[in-house]
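Chain by chain, the residues run as shown.
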Amino acid sequence: MPYLKLNLVAVTTIVMAYMHVSTTVPSLHFVGGIGGWVAPPEPNYYEKWVKGENFFRFDALVFIFDTGSHTLAEVTKEAYDTCNITNPIYIDTWGPATVRLNVVGVHFYICTMYCKSGQKITVDVKPRNITF
């Protein structure tokens, strides 16, 4: 019986440690879900997708798209609102593309080809609290 109690304590400790660590490990967010980074199939497609996600510092966004069919650009708020592609902060024309979320704050991403069709997202990156 003492071994059973010891094993139960050990298993509980391991499970609790795993649960704690798993919340601090950076996540991959596949933008658009299974559909990928495509021209939106319905209005507010990407706004709906973003609402189901939580973004933290050191996470990564994965944009799945075919090279030549779409692009990925990080832009300012003003450029995001108007779909202005003249001075992007960052641009990637080769798919798939991965963006590390290393800076806390709001970031704006667009497809330079289909932004006016709604292919754009706003990502609010929160600080990651890592405690052990």
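Residues numbered from 1 in each chain as written. Predicted model: local features only at pLDDT ≥ 70, side-chain atom pairs only at ≥ 80, totals over all residues. Heavy atoms only, no water.

Q: Break down the side chain of R128 for me, with residues and values.
A: When you line up the elements, R128 lands in the segment after β8 (120–126). On the accessibility criterion, R128 (13% relative accessible area) is buried. In terms of polar contacts, R128 uses its side chain to reach the backbone carbonyl oxygen of R57, at 2.8 Å. Only 2.2 Å separates the side chain of R128 from the side chain of D59, close enough to count as a polar contact. (Helix = DSSP H or I, 4+ residues; strand = E, 2+ residues; numbered from the N terminus. Buried < 20%, exposed > 50% of the residue type's maximum accessible area, 1.4 Å probe, protein only. Polar contact = N/O pair within 3.5 Å; in protein donor to acceptor, adjacent residues only side chain to side chain.)

Q: Please give an account of the pattern of salt bridges that cites residues and values.
A: According to the stated counting rule, one finds four salt bridges in the structure shown. A salt bridge links D59 to R128; its shortest N-O distance comes to 2.2 Å. Here D59, found in the loop between β2 (55–56) and β3 (60–63), pairs with R128, found in the segment after β8; they are 69 residues apart in sequence, far enough to count as distant. The two residues D59 and R128 agree in class, both being buried. (Salt bridge = Lys/Arg side-chain N within 4 Å of Asp/Glu carboxyl O.)

Q: I'd like to hear about the sheet that holds β3, residue by residue, with values.
A: A sheet is described by the order of its strands in space; here three strands give the open sequence β1-β3-β6, paired in mixed fashion. Where the open sheet ends on each side, the last strands, each with one partner, are β1 (28–30) and β6 (97–100). Between one strand axis and the next, the sheet turns through 20° on average, direction left out of account. Judged from the four bridges that link them, β3 and β6 form a sheet pairing that is antiparallel. Within β6, the residue paired with A60 across the bridge is R100. (Pairing = 2+ DSSP bridges. Axes fitted to C-alpha atoms, helices over the stretch in contact; angles between N-to-C directions.)

Q: Before we move on, can you summarise the state of the cysteines with the specific residues and values?
A: Applying the stated criterion to the full structure yields one disulfide. The disulfide partner of C83 is C115, and the gap between their sulfur atoms is 2.1 Å. On the sign convention where negative is left-handed, the bridge of C83 and C115, at about -75° about the S-S bond, is left-handed. Of the two residues, C83 sits in the loop between α3 (77–82) and β5 (90–92) while C115 sits in the loop between β7 (105–110) and β8, which places them 32 residues apart along the sequence. For the pair formed by C83 and C115, the shared burial category is buried. (Disulfide = S-S within 2.5 Å.)

Q: Provide a residue-level description of the sheet that holds β5, including the pertinent values.
A: Across the sheet, five strands lie side by side as β2-β8-β7-β4-β5; this open sheet has mixed pairing. Sheet topology places β2 and β5 at the edges, where each strand pairs with a single neighbour. Of the pairings in the sheet, the one linking strand β4 (residues 72–75) to β7 comprises three bridges and is antiparallel in character. Bridged to V75 within β7 is F108.

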